[in-house]
Amino acid sequence: MNNNETKGIWKIIGASSLGTLIEWYDFYIFGSLATVIANQFFPKTNPTAALLSTLATFAAGFIVRPFGALVFGRLGDLIGRKHTFLLTLVLMGGSTFLIGCVPSYESIGFLAPILVLILRLLQGLALGGEYGGAATYVAEHSPNHRRGYFTSWIQTTATLGLFISLGIILLTRHSLDADAAKSIAKFNDWGWRIPFLLSAVLVVVSIYIRLKMQESPLFSKLKAEGKTSTNPLKESFAHKANLKMVLLALFGATMGQGVVWYTGQFYAQSFIENVCKVDFDQSRTMIIWGILFATPFFVVWGSLSDKVGRKWIMILGMLVAVVSYKYLFTQILNTTDAKTKVEIVDKREVKPTVTLIKNSTDSLRKVVTKTYYEDGMKMVETKTDTVYSAIGKKTIKPVVSVAKTLGDSDYWKIVGIVFILIFYVTMVYGPIAAFLVELFPTKIRYTSMSLPYHIGNGVFGGLTPFIATLFTTIYTNDKTVGLMYPIVIATLCCVIGSLYIRNRIDPEVEGV
Amino acid sequence: MNKLKRYAGIIWIVLGPLAIHYLMATAESEIAKKPVIDTQIQWGVFLTIFYPIVIGFILFGLYALEGNYDHIPESSAEIDDYDVKPL
């Protein structure tokens, strides 16, 4: 590659990656704020129902992703990559901005959750069309022998999108008032809208950059020769020769990649916060550090895949994940377990407060117990129950919430474990764009690669935190039982991938 | 190796119905435990999503058994010149 070509490819990678990163950011702020959104848009009378509704909305976002892959993939193979992934960006940015504008349930009633659900579905649809377009676009501009390296930059965007979403949420949460507690209260009330509204600015910048981009050279060539597909859906899924590759991509690669991706980032965060009871800020900064240290490895593995092939890097990533998940998550559990620590008994603080409930003779009793440990951990337990004025009437089960703030050494130990989990993600995800691109012909590439990617990543992966949490409610004795889902799926994918995938399927696939 | 690929196809074909059975049984027991609309919606969504995926998995097994994965395309030309016979 000469200097001009090198400069050109970096412009293409920069413009494509920025848009994709913003789309991931848009998509993840919703998931990261699930509890806050539940309070705003779903009836508060039943908090569990509210949270489940949000999670269902979250899942709905993932479920429509494959449909987005079909709709926009088809469009991308018919009219071109550039205009299609410009359209997905507008759709995503618009939906995200509007979620930030929807009035709460208290203001407009059931219209609020309905609007949020519709906008969330549109987000999923847009994301379904974005990734395949960006990966195809960059791959079709890359030289053959460096396709893994150049497309791996696109692969960093999903994780960096999560990184930025977590960072902006934490910053906003702590900058709305000088008093930390008041700032958090303001954030939960209206401040959560800021990350959504901010998306509009980011999207406008990205649209401006993308408008200046040229169509992919390979697609332009096909179009000039009149060889573009007339029916990409039919050619992708109704022809056995291509369908068998779509199925292979799904069951031999993307299915395992999806569960490893979501276990390493989303389920890890959920596990640290909800199972280990580490407080909101620490559970998020742990992920932020892990992402920061691990992200360069997307490029390392992508680049290495140009030399040794894509297959074994991905398979090895799944294998080490399957073998070590149980151990790593048990380590997180043990590190945060108060039973393994020595309490500084003299420092224990117990603060009971009783407030009269409005228009009632009953009172609300809140007991906050702060416990300090020798290794620096602090645990705050808040127990709330009702004191009834009627004699003999008692609260059956008080509401208890626990938030642990870990000492430095334990904090960094968990950051180290999260780094390992995300390191596995970089192995399975770094080379996969190049792998998928090389499986399918140019004329139906956008459609063919988008569907297995979004079923693998979106459905199998996206449902990981949900299904894993569900397992913990069915099998209550083992706190790490949720890992069975990613372990079983990744094992199956590992076996299928090892058996059927070629290490370097197409070293001479057509490129620029 | 090709023999192994083909025989493994039988395992994938068998795993499909087993997965459906497991999903159905878990859905039934969970809905019976908590017969509220949330549980029904949740399991309804799971079954709706995973049915077509399981059918795809059985098809994958069938293709493997038929020997369709004995040879995987090796070059760009081979990919672009797919035999475009409909299914």
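The following paragraphs examine the structure supplied in this document. (Residues numbered from 1 in each chain as written. Chains lettered and ligands numbered in written order. Predicted model: local features only at pLDDT ≥ 70, side-chain atom pairs only at ≥ 80, totals over all residues.)

A few points about the overall build of chain B
Move 1: The secondary structure content of chain B amounts to three helices and zero strands.
Move 2: Beginning at the N terminus, the succession of helices and strands in chain B can be written as α-α-α.
Move 3: Burial analysis of chain B (87 residues in total) assigns 13% to the buried set.
Move 4: In chain B, the share of contacts with a sequence separation of at least 24, taken over all contacts with a separation of at least 6, comes to 74%. (Helix = DSSP H or I, 4+ residues; strand = E, 2+ residues; numbered from the N terminus. Buried ≥ 20, exposed ≤ 12 C-beta atoms within 10 Å, placed from the backbone. Contact = placed C-beta atoms within 7 Å.)

Considerations on unusual backbone geometry
Residue and element names in this part refer to chain A.
Move 1: The backbone of Lys-277 shows a phi angle near 65 degrees, a positive value even though the residue is not glycine.
Move 2: With respect to the helices and strands, Lys-277 occurs in the loop between helix H13 (240–275) and helix H14 (280–294).
Move 3: Overall, Lys-277 belongs to the partly exposed group, with 18 C-beta atoms counted inside 10 Å.

Thoughts on the sheet that holds strand E3 (residues 378–387) of chain A
Residue and element names in this part refer to chain A.
Move 1: Across the sheet, four strands lie side by side as E1-E2-E3-E4; this open sheet has antiparallel pairing. Unpaired on one side and paired on the other, strand E1 (349–356) and strand E4 (399–405) mark the two borders of the sheet. On average, adjacent strands in this sheet sit at an angle of 15 degrees to one another, irrespective of strand direction.
Move 2: The pairing of E1 with strand E2 (residues 363–372) spans eight bridges and is antiparallel. Paired with Thr-355 across the strands is Leu-364, a residue of E2. (Pairing = 2+ DSSP bridges. Axes fitted to C-alpha atoms, helices over the stretch in contact; angles between N-to-C directions.)

Regarding the pairing of E2(A)
Move 1: The antiparallel pairing of E1(A) with E2(A) creates a hairpin that spans six residues between the two strands, and Asn359(A) there sits at a positive phi of about 55 degrees.
Move 2: Connecting E2(A) to the antiparallel partner E3(A) that follows it, the hairpin turn spans five residues, and Gly376(A) within it adopts a positive phi of roughly 100 degrees.

Thoughts on the packing of helix H8 (residues 147–174) of chain A against helix H15 (residues 296–308) of chain A
Residue and element names in this part refer to chain A.
Move 1: Running from amino to carboxyl end, H8 crosses H15 at an angle of 155 degrees, the nearest separation of the two axes being 7 Å. Judged by the angle between their axes, H8 and H15 are roughly antiparallel. Of the two elements, H8 crosses H15, and the hand of that crossing is right-handed. In this structure, H8 uses Arg-147, Gly-148, Tyr-149, Thr-151, Ser-152, Trp-153, Gln-155 and Thr-156 to contact H15, whose residues at the interface are Phe-298, Val-299, Trp-301, Gly-302, Ser-303, Ser-305 and Asp-306.
Move 2: Considered class by class, the residues forming the contact of H8 with H15 number five nonpolar, eight polar and two charged. (Parallel < 35°, antiparallel > 145°, perpendicular 65-115°, else oblique. Left-handed = near helix turned anticlockwise from the far one by under 90°. Nonpolar A, V, L, I, M, F, W, Y, C, P; charged D, E, K, R; others polar.)

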